[in-house]
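Descriptive structure summary
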Amino acid sequence: MEKYKNASLPIEERVEDLLSRMTLEEKILQTDQYSIIGDYVRRNTDERVEEFRWEEFEAALSGRSVGSVQFRSATPRLANQLQRYAVEKTRLGI
């Protein structure tokens, strides 16, 4: 297991390990924020996001991680899917 994923290690050690693994591009992308409010979505009659266009989202990220994704108006199911995507489909799982 990578040090940065090991919750039993001190935070400073985990952060140092993670930063040493990140490319400059990945560090820069951590300052970026995506929104699902208007991009990549279809809304239901309650204006909640019920469908997410994953192909377009994945094409935009190309397996990279970003600092955050705003979940406003997302259903709990979609929010969970987006969180799983970050952990399972990005290079460092962050």
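What counts, and where the lines are drawn
- Residues numbered from 1 in each chain as written.
- Predicted model: local features only at pLDDT ≥ 70, side-chain atom pairs only at ≥ 80, totals over all residues.
- Heavy atoms only, no water.
- Phe/Tyr/Trp six-rings, centres within 6.5 Å; stacked < 30°, edge-to-face > 60°.
- Helix = DSSP H or I, 4+ residues; strand = E, 2+ residues; numbered from the N terminus.
- Polar contact = N/O pair within 3.5 Å; in protein donor to acceptor, adjacent residues only side chain to side chain.
- pLDDT = per-residue confidence, 0-100.
- Expected span 1.5 Å × (residues − 1).
- Buried < 20%, exposed > 50% of the residue type's maximum accessible area, 1.4 Å probe, protein only.
- Arc of directions from axis to C-beta.
- Contact = heavy atoms within 4.5 Å.
- Salt bridge = Lys/Arg side-chain N within 4 Å of Asp/Glu carboxyl O.

Things to note about the packing of aromatic side chains
Any pair of aromatic rings gets described here by the distance separating the centres and the angle formed by the planes. Inspection of every chain in the model, using the stated rule, returns five aromatic pairs. Of the aromatic side chains, those joined through ring pairs into one cluster are Phe52, Trp54, Phe57 and Tyr85.

Structural notes on the environment of glutamate 25
Relative to the assigned elements, glutamate 25 resides in helix H2 (residues 24-29). Placed 55 residues apart in sequence, glutamate 25 and asparagine 80 show a C-alpha to C-alpha distance of 26 Å. Here arginine 64 takes part through its side chain, which lies 3.1 Å from a polar atom of the side chain of glutamate 25.

Description of the confidence of the model for the chain
This prediction gives the chain a mean pLDDT of 86; 97% of its residues lie at or above 70. Per-element confidence in the chain ranges from a low mean pLDDT of 77 for strand E3 (residues 49-52) to a high of 98 for helix H1 (residues 11-21).

Considerations on helix H4 (residues 76-89)
End to end, H4 covers 19 Å across 14 residues, agreeing with the expected 20 Å (1.5 Å per residue, within 8%). Those residues of H4 that fall on the buried side of the exposure criterion are Leu78, Ala79, Leu82 and Tyr85. Buried residues of H4, seen end-on, are gathered within an arc of 115° and therefore sit on one face of the element. Set apart from the buried face of H4 by more than 90 degrees, the exposed residues are Pro76, Val87 and Glu88. Buried positions along H4 lie against E3, helix H3 (54-61) and strand E4 (68-70).

Let's talk about the pattern of salt bridges
Under the criterion given, the structure shown has six salt bridges. Here arginine 91 and glutamate 26 are joined by a salt bridge, their closest N and O atoms 2.7 Å apart. Separated by 65 residues along the polypeptide, arginine 91 in the segment after H4 and glutamate 26 in helix H2 bring together distant segments of the chain. A relative accessible area of 12% means that glutamate 26 is categorised as buried.

Some words on the side chain of serine 65
Along the chain, the position of serine 65 falls in the loop between H3 and E4. On the basis of relative accessible area, serine 65 is assigned to the buried category, the value being 11%. Looking at serine 65, its side chain comes within polar contact range of the side chain of glutamine 30, at 3.4 Å. Of the polar contacts made by the side chain of serine 65, one reaches the backbone oxygen of isoleucine 94; its length is 2.7 Å. Setting aside anything within four residues of it in sequence, one finds serine 65 in contact with Leu29, Gln30, Thr90 and Ile94.

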